[in-house]
Structure formats: C-alpha cells, structure tokens
Amino acid sequence: MLTVEHVGKELSGKLILHDVNLEFERGVYGLLAPNGAGKTTLIKLLATLLTPDAGAIRWDGEDIVGMGERYRSLIGYLPQDFGYYPNHSPRRFLKYIATLQGVPRDEIAPRIDELLAMVHLSDQADRKMRTLSGGMIRRVGIAQALIHRPRILLLDEPTAGLDPKERVRFRNIVHNLAADHIVVIATHIVSDLETIADRIVMLGDATVREADEPAAICERLEGRIYEVPSGYVLHDGQLKLSEIQRGGETAKRIYSPDPIPESADRGIESVHPGLEDAFLLTYRD
Amino acid sequence: MFALLIQELRKIWRPGVVVALIVAAIAYAVPYTQLEAGNLNAPGNIGNDDTVGLINEYGPVVNRESVAAMKADLPELRSALDAKIVADRQSKRFGVTDYDSFIKVRNDQSVASVGENSDDLTFAVDGTTDWDEYSERIADLPEFHAYESRAITVEDYERGTSKVDVTQRVAFALRMFPPRSGMSEAEENAYYAKLALPKTAAAQVDRLYAQRDNMGYLEKYTDAYETTMLMVFLMFVYSVVMSVVLTASLFVADRRRNMRQLQWSSRIGRRVTGVQLLAVGLSSLAVCVVMAAVFAGVWLPQVWPYLATPVFSTSVLPWFGGWNFAGYLLAVALLGTVMTVTFTLGVAWVTHWFDGLIRAMLVVVPLTALFLFCAIYAVLGEAFLMTNALSMHTGLPGCEVAVAVAMIAVVAAVWAVTLRRARRADLAR
C-alpha cells in the first residue's frame, strides 16, 4: 500500500501542498482539480522527482525516498509534458526507456511489440516520432509507462491531445490494469474519470478537499442538483453550475441546498448528480 | 548499465553529424597534410636527405660508436670528393684543388661579398661561369654531402657539450639570468659555473649532461620536429572540435525535451547523468584514438627515420627522460588526449545548464577557441622542452602535466558537486 502522510511541499516560496494524507491500494485513483491546484506536484512527489518538505510517502511502510531504485522499479510515470526524442522511432524510444527501467534484454523486443499493439501503434513503430500526431505520441507515452510492468502507474494528464476514440481506448487500457495495479490519474477532465475511477481525490487550497468513491461523492449531492430554465432566478444559497442544452433550448444546471418543488410546467427537474457537478461545486468561484 | 551506455553512445554518434565531420576533415586536412608532406620530403631536400642518410647508415643515436664509424669513413669519402673537385674544369680557374681549398675560397668570397667594397670580390662575373654557379655545383655533389654531413657531426660531437652549456640552458629556462648585462663570455661562463640551482634543476643538469653522449638528429633537420608538431596541433584542434560538436547536444537536448523526468523517475534514476558523462568521455577518447591512428597512418611514415632518434641534442632539451622522438610524440599525444577528454567533460558540464543549443553554443564556441589557443600556445607548443612558454614563464619544469592535472581536478570537482546535488535535487519543471 502506498501512503501519503502529512506531506507538505513548497515550490519557489509558494505553498503547494500542506498536510496531505492519502492511501492508495489497488484500483484507479483520480486526482481531480483545476490547473495549479497541486496535482502535478503530488504526482511528482509520488514519482520521487520531488521530495516532501514535511511528512513522508511510504510503500508498505517504508519511505520511498530511502527505497530508491527498489521503489522506482515499481512505478510507471507519464509526465504532463511528456519528453521524447523526435528523431527516434517509437520502437527505439521504447527500447531506450526499457533500458532505463532495467528490462532484461531478451524481454525488450516482445514487450515493445506487445505494448505497441496495445496502444494501436504497431504500424507506426518505425516512423520517426516527429512525424506522429500528438495523440500518437501520447500513446507512446502510455506505452513507455508500462514497459517494465510497474505496480504503480502515475499518469499526469494522460488524455491530453487524444481524440474521443483514443480516450475510450485509454480508459479501456486503464480499466484492465486496475485489477492488479495502483493507477493514479491526475486530470481536470471529469469525463476521463467518471467511469473508471474507484476513488476521487480533489485537491484545493493546498490540501485534500475530498477523497471518496465517485458514487459516494455524487450521493452527497442527491436531491440538490436541478435543471431549470435559463430564466430561472437563483435564490440564496443556490449556485449555477453549468449551462446545458435541453430540448433545443438553453437551460441551467444548478445546485440548491434546499429542495425545489419539481414542476414540469415551469421546467424545473431534479437530476442525478454527476462528478462534474461535484467538481464545479467544489471549485466554484 | 552497459546497455544504457550503448544507448547514450548511439545518441552521441549521430550518423549525419559524423559524416559531416569526416567530410570537413577530409576537405581541410588532406590538402594541408599533402602540402606539409611535400615540403618535408620534397625531392632534393638536402637537409632531410643528409640527415636521413646518416640515420640509415649509423643508426638513430649520435654516440661514441656511431661517431667512430663516421670518422672511419671520412678519409675515403674525402678522397672521392677531392677527386670530383679536381675533375671539375672550373676548379683550376678559381684556384680550388681539394675540399679544404674550396671551403677557404668560399669563406673568402663570403667575407668579401658582405664587405663595403665590391671590388674586394676575387672573381668577377665573366659572362659564362661565375663563382656562385660553380660553388653551387660543387656543394650539390653527393660526395660533398656525404663527406660534409659526417664531418660536421663528428666535429660537433667532439666539441662536446660542456656542463656549463647545459647549466646555462636550464638556468635560462628557469629565468635565472646573469645579474647584469654586458658580461664577457668568460664572465658569463663563470657565472653559470658557480650558479646555485634549485635541487631539482641541478638534478636536471646532471641528467642532461650525462645524456650528452647520446644525442639525436632533430637539431640537424628541425623541420622534421616542427612540421610534425604542426600536424599534432592540427589533430588536436580537430579532436577537440569533433568531441565538442558530437557531445555538446546530449545534455542540452535532454533538458530541452524534459527527458530528465523520465530518466530520473526510472529504475536507474539519477545515475543516468553519470552514464551519460561516461558516454561523453568515451566518445571524446574514441575521437582522440581515431585521430591518433590517422596521424600514425598518414604522417608518421613521412618522418619514420626520425622516430628512433633521441629528442635530446645541444639545442633541444627535454625536461624528462631519455625520450626518442616516437616516445616524445606518444607523451604529447597522451597529454593532448587527456586535455581533450577533460575539456569535453568540462563543456558537458557547461552545456548541462542550458536548454537551448544556440544559447549553449554562444558560450561553448568562445570557450573552445580560448582553450585551443591557450593549449597550443602554452602547453603543447614545444611541450616538455625547456623552451615551452608555460615552463619558461612559471619557472616550473614540466608544468604542462600540472595543467592537465589541474584541468582534471577542476572538471572532476564540478561534476562531483553537480552529481551529488542532483541526488536530492527537486525536478520542479
């Protein structure tokens, strides 16, 4: 089990994380927060690229900084700004990463073929990466994170640049890995997590604002999310979350702490809350 | 780790860059080498021919045995030369009957030609054959060269190198000049004879003096030394430039492309920088070895007869050992290689701070130019000889080695600190 215990981190004099406590077991964890909330900092702490100023991160009770190579061999990391060599082919690049990860020489070639097939890049395996699309390069990034069969996958904005079809494919890959991996996905795109995350962690004000199962988070909002006509006047405590299209007309999705009588005539309808509602409510201006 | 080293070497040895460097080398170095080789071994290059002739016949060392052999050959060679002189129809006209009389008349003519009154010239141009044409013809005789080159070598050897001579040269190299100018030669000799040298310098004097019976031929044809050193400088410049061009982009590219995130979070972690450093050093070493092989293959055959001859002679005094020319060149090549590899690692340290190649080059290019100038002027120029500029200025014999050691110490220190700090450094971007 991976545990984050009272972790604090300052960067360039700015407090990014303060007293963060989390536990990660097998499954998919979504770090859901707006840009600048500390997702990438937390991911980098988990990847040992940053060291905590306070607290510790432990793997089965042992500090990951002290574990060094033993811990790093457990993690696969896809950075937000994924670096690659434009003149390398995906095959050569994956071979380089496999070497960095200490994959035995005789296992490298079949593993690369397997991963390229998994991310649907077998036919692009020997093209220079500078000729690939952003989505293809992102898929190479996902493949490199898996090259050494890590137990912990740290994915920072993994779907940036992927088209809808590729996003679905990515979700399927993550879903298959969830059974025996810890997968931590940092994103601000709610739809990436909605169907695959076992647990959602929302960061804000340098600390953990919410850490629970998606269903539990949504359940807490049950009966408080409504769709109302665009002309509906908000009362005290009510918040507009988003605008939507309903039956060809613009409507509002709102949060109301108190029940609103439903009325088909007035177009007021109680709806099931989603993660996006929780996200917008948590990070409301 | 070895597999990673191979991968890093592949990143350094980009085929396009290697081909470009080879083409540039061929375009520049081949004509230059041909020119120097042509000058050195030009047909009728008397200095070279005579010296190579002596080396081939009497061996590469001027010592008691080889001088005795030369001396034994002199009478026969002299008879052959005299016969040739007498056989020349113009000899009688100029009053020349043998070698001695030829030398005497030539000296008289020489003195007269530099006198104020041209009327002093014994022989006027008569429209058909003048003295200059005649004397050149005699001096070009193979018999003349065969005799004179041996006679001069024997004479120089028998005149010998006194301990005062050696002391004077060592003292000069150490900048221990006489206290006042305008001394007579005798007074100057007396000064050097009584001069109290530092202990190490006195030991050098003893060592060099003991070597006076084992001299070399470089002094007789200094072009062999000077042209060879020009070629050494050419190879050195090319080794440094090629090493820097090949390796400078390694760290810059990784930084610019955010590769360190993947490298540092990988199993091998931050040790990757050490492996990259090893790849840079090995690449530079490989460049030096290739350049040395090219030098050995292309240039050394041009000076082959000189390689076994001692560097030591009356005017060429090395600080170390009884080196022959091949050993000397090996020592210079080792010094150049150490400096090249160390400088390349230093450049790698400079470039690892940059994430743009152009900005890095704005620093690296002037730095490389400055290094090449200082290295050739102060370290490799007359390296290990008492006339080396750095030794002369510092008064520290053989401080060329100290420069290389200092370079190693500085580069090792900056990399040690950098690698140590990187172990715990945050990679925030």
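No experiment lies behind these values; they were computed from the predicted model shown. (Residues numbered from 1 in each chain as written. Chains lettered and ligands numbered in written order. Predicted model: local features only at pLDDT ≥ 70, side-chain atom pairs only at ≥ 80, totals over all residues. Heavy atoms only, no water.)

Draft legend 1. Examining the packing of aromatic side chains more closely. Residue and element names in this part refer to chain B. Applying the stated criterion across every chain, the model contains 22 aromatic pairs over all chains. Arranged with centres 6.0 Å apart and planes meeting at 50°, the rings of Phe236 and Phe371 form a pair that is tilted. Here Phe236, found in helix α12 (residues 222–256), pairs with Phe371, found in helix α16 (residues 357–380); they are 135 residues apart in sequence, far enough to count as distant. Both residues of the pair, Phe236 and Phe371, belong to the buried class. (Phe/Tyr/Trp six-rings, centres within 6.5 Å; stacked < 30°, edge-to-face > 60°. Helix = DSSP H or I, 4+ residues; strand = E, 2+ residues; numbered from the N terminus. Buried < 20%, exposed > 50% of the residue type's maximum accessible area, 1.4 Å probe, protein only.)

Draft legend 2. Main features of the interface of chain B and chain A. Across the boundary between the two partners, chain B contributes 30 residues, which contact 32 residues of chain A. Seen at the junction of chain B and chain A, the total is three salt bridges. Residue Glu69(A) pairs with Arg271(B) through a salt bridge whose shortest N-O separation is 2.6 Å. Counting the contacts that link chain B with chain A gives 20 residue pairs in polar contact (both at pLDDT 80 or more). Tallied by class, the residues present in the side of chain B that touches chain A amount to ten nonpolar, eight polar and twelve charged. (Contact = heavy atoms within 4.5 Å. Salt bridge = Lys/Arg side-chain N within 4 Å of Asp/Glu carboxyl O. Polar contact = N/O pair within 3.5 Å; in protein donor to acceptor, adjacent residues only side chain to side chain. Nonpolar A, V, L, I, M, F, W, Y, C, P; charged D, E, K, R; others polar.)

Draft legend 3. Spatial organisation of the sheet that holds strand β10 (residues 207–212) of chain A. All names here are of chain A. With mixed pairing, the six strands of this open sheet are ordered in space as β6-β7-β8-β3-β9-β10. In this open sheet, the two strands that pair with only one neighbour each are β6 (75–78) and β10. Neighbour to neighbour, the strand axes of the sheet diverge by 15° on average, direction disregarded. In the sheet, strand β3 (residues 27–32) pairs with strand β8 (residues 182–187) via six bridges, with the strands oriented parallel. Within β8, the residue paired with Gly27 across the bridge is Ile182. (Pairing = 2+ DSSP bridges. Axes fitted to C-alpha atoms, helices over the stretch in contact; angles between N-to-C directions.)

Draft legend 4. Representation of the sheet that holds strand β14 (residues 269–270) of chain A in the model. Residue and element names in this part refer to chain A. Spatially, four strands are ordered β12-β13-β11-β14 in an open sheet, and the strand pairing comes out antiparallel. Every interior strand has two partners, whereas the edge strands, β12 (239–246) and β14, have only one. Sheet topology note: the strand β11 (residues 225–229)/β14 ladder contains two bridges and is antiparallel. Note on β14: the bridge partner recorded for Tyr226 is Ser270. Set on the sheet, helix α10 (residues 275–282) makes contact with β11, β12 and β13 (249–255); between it and β12 the angle comes to about 145°.

Draft legend 5. Region of interest: the UniProt feature "transmembrane region" (unreviewed entry) in chain B. Residues and elements named next belong to chain B. Per the UniProt record, "transmembrane region" (unreviewed entry) is found at residues 12–30, 229–253, 274–300, 325–350, 357–381 and 401–419. With 100% helix and 0% strand, the stretch residues 325–350 has end C-alpha atoms that lie 37 Å from each other. Annotation note: span residues 401–419, helix share 100%, strand share 0%, distance between end C-alpha atoms 27 Å. (UniProt positions renumbered as here; feature names shortened; annotations may be inferred.)

Draft legend 6. Representation of the packing of helix α9 (residues 163–173) of chain B against helix α11 (residues 199–210) of chain B in the model. Residues and elements named next belong to chain B. Viewed as axis vectors pointing N to C, α9 and α11 meet at an angle of 135°, and their least axial separation amounts to 9 Å. It follows from the interaxial angle that α9 and α11 lie oblique. The chirality of how α9 crosses α11 is right-handed. In contact with Lys163, Val166, Thr167 and Val170 of α9, α11 contributes Ala201, Val205, Asp206, Leu208 and Tyr209. Split into classes, the residues belonging to the contact of α9 with α11 amount to six nonpolar, one polar and two charged. (Parallel < 35°, antiparallel > 145°, perpendicular 65-115°, else oblique. Left-handed = near helix turned anticlockwise from the far one by under 90°.)

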